[in-house]
Amino acid sequence: MLENVILSIGKDEFADVLFDALHREMRARQVVLFHFRDDLTVETLAAKDDREDGCVHSLVRDYVQRYHVYDPFRSRCTPARSRTVELQGFAVKEITDPEYSQRFYVEPGIAGRLSVILRRPRDAICLSVYRDRRYGSFRGEEFNKIDAIKAPLAAALERHLDLNPTPTSPNLARMTDILQSFEGAPTLSSREAAVCARIVTGYSNEAIALDLGLSFHSVRTYRRRAYTKLNVTSQNELFAHILNAGIRDVMPRQNQQQSQSLPPGR
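Just so you know, these numbers come straight off a predicted model, no measurement behind them.

## Observations concerning the overall build of the protein
Part 1: Across its full length, the protein carries eleven helices and five strands.
Part 2: Here the protein holds 266 residues, and the buried ones make up 50% of them.
Part 3: By sequence separation, contacts in the protein at least 24 residues apart represent 63% of the contacts at least 6 residues apart.
Part 4: A total accessible area of about 13300 Å² is found for the protein, and carbon and sulfur atoms account for 46% of it.

Take a look at the structure:
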């Protein structure tokens, strides 16, 4: 189960491979990976489901913005003095908050959840696996199956996060405004600028889709249109375009260094 997941660490397809493994082995309906920096900051690292309507994206957006405080496991998704890995699980009938239960379990037809929680001195990572009502909540043998691999699974998640750190973003609103005000270039739409702002600050296509509530197809479309208008063909050229305009204070330091190292004309 873990072989392909481990082989995909650090690659763009990591989330897809992780979902495919859990979907196949555990009949998972949704798989979500959250990063808890502190009591208030929750970030979505990955979110996949097997539904055509992409229901998981609206759910994780609502969770991050408001509902994470009602999560029965929220108190466990906090930093710990030393690195620990634990497995938690519940069925929908065990949830005590009716609004949380209705929004995240009853309406999307989820019967139960298992979560592998990695707690570290500065943060916590939570991998949650959700199962559809047609299969019922997770049973003892399935709990034991994940429990047996929770340590290497957590290590794989940790390594992937270390290789693909969550971007620490500058003011995205200001970056979006800047991208819409380049002299001598066609004006970007608000969506095109918002997508490019997140590209510049290190978001993956999946993170952009989750953050803006868009489909992957829409993200690619907005990016393609923006690149055509700005006459750039890559992320590095977009970095260089902004730096050449003399705009540095909103650029992450690592991206400034990356762009400055590019040869002329790139």
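Structure shown, so let's carry the discussion forward.
## What about the packing of aromatic side chains?
Part 1: One pass over the structure, following the stated rule, counts ten aromatic pairs.
Part 2: Seen in terms of ring centroids, Tyr-67 and Tyr-70 are 6.1 Å apart; in terms of plane orientation they differ by 55°. Their pairing is tilted.
Part 3: Its relative accessible area of 10% is what places Tyr-67 among the buried residues.
Part 4: Ring geometry for Tyr-100 against Tyr-105: centres 5.8 Å apart, planes inclined by 50°, an arrangement best described as tilted.

## Side note on the nonpolar core
Part 1: If you look at the biggest cluster of nonpolar residues, it comprises 30 residues, and the most contacted ones within it are Leu-18, Leu-22, Val-31, Val-116, Leu-127 and Ile-146.
Part 2: Counting only elements with at least two residues in this core, the list comes to helix 2 (14-26), strand 1 (30-36), strand 3 (84-91), strand 4 (110-119), strand 5 (124-132) and helix 5 (140-163).
Part 3: Once residues lying within four places of it in the same chain are set aside, the contact partners of Leu-127 are Leu-18, Leu-22, Val-31, Val-32, Leu-33, Leu-114, Ser-115, Val-116, Leu-153 and Leu-157.
Part 4: Listed in part, the 26 residues of the second largest apolar core include Leu-172, Ala-194, Ala-207 and Leu-212.

## A short note on helix 2
Part 1: Between the first and last C-alpha of helix 2 there are 18 Å, a value that for 13 residues agrees with the 18 Å anticipated at 1.5 Å per step.
Part 2: Turning to helix 2, its buried residues number three or more, namely Phe-14, Ala-15, Leu-18, Phe-19, Ala-21, Leu-22 and Met-26. For helix 2, the buried positions fall inside an angular range of 165° around the axis, keeping them on one side.

## A few points about unusual backbone geometry
Part 1: One non-glycine residue, Arg-27, lies in the positive phi region at around 55°.
Part 2: Here Arg-27 shows up in the loop between helix 2 and strand 1.

## Here we look at the side chain of Arg-120
Part 1: Relative to the helices and strands, Arg-120 resides in the loop between strand 4 and strand 5.
Part 2: Exposure remark for Arg-120: the relative accessible area of 14% places this residue in the buried category.
Part 3: Side-chain polar atoms of Arg-120 contact the side chain of Asp-123, separated by 2.8 Å.
Part 4: When near neighbours in sequence (up to four residues on either side) are disregarded, Arg-120 contacts Pro-79, Ala-80, Ile-125, Glu-158, Leu-161 and Asp-162.

## Points about the sheet that holds strand 1
Part 1: With antiparallel pairing, the five strands of this open sheet are ordered in space as 2-1-5-4-3. In the strand order of this sheet, the two ends are held by strand 2 (42-49) and strand 3, each with one partner. Within this sheet the neighbouring strands show an average axis-to-axis angle of 15°, counted without direction.
Part 2: The pairing of strand 1 with strand 2 spans seven bridges and is antiparallel. The residue bridging Gln-30 from the neighbouring strand is Asp-49, located in strand 2.
Part 3: Sitting on the sheet, helix 3 (residues 55-65) is in contact with strand 1 and strand 2, with an inclination near 160° to strand 2.

Conventions we followed
- Residues numbered from 1 in each chain as written.
- Predicted model: local features only at pLDDT ≥ 70, side-chain atom pairs only at ≥ 80, totals over all residues.
- Heavy atoms only, no water.
- Helix = DSSP H or I, 4+ residues; strand = E, 2+ residues; numbered from the N terminus.
- Buried < 20%, exposed > 50% of the residue type's maximum accessible area, 1.4 Å probe, protein only.
- Contact = heavy atoms within 4.5 Å.
- Areas by Shrake-Rupley, 256 points an atom, 1.4 Å probe, with all protein chains shown as cover.
- Phe/Tyr/Trp six-rings, centres within 6.5 Å; stacked < 30°, edge-to-face > 60°.
- Core = buried A, V, L, I, M, F, W, Y, C linked by side-chain atoms within 4.5 Å.
- Expected span 1.5 Å × (residues − 1).
- Arc of directions from axis to C-beta.
- Polar contact = N/O pair within 3.5 Å; in protein donor to acceptor, adjacent residues only side chain to side chain.
- Pairing = 2+ DSSP bridges.
- Axes fitted to C-alpha atoms, helices over the stretch in contact; angles between N-to-C directions.

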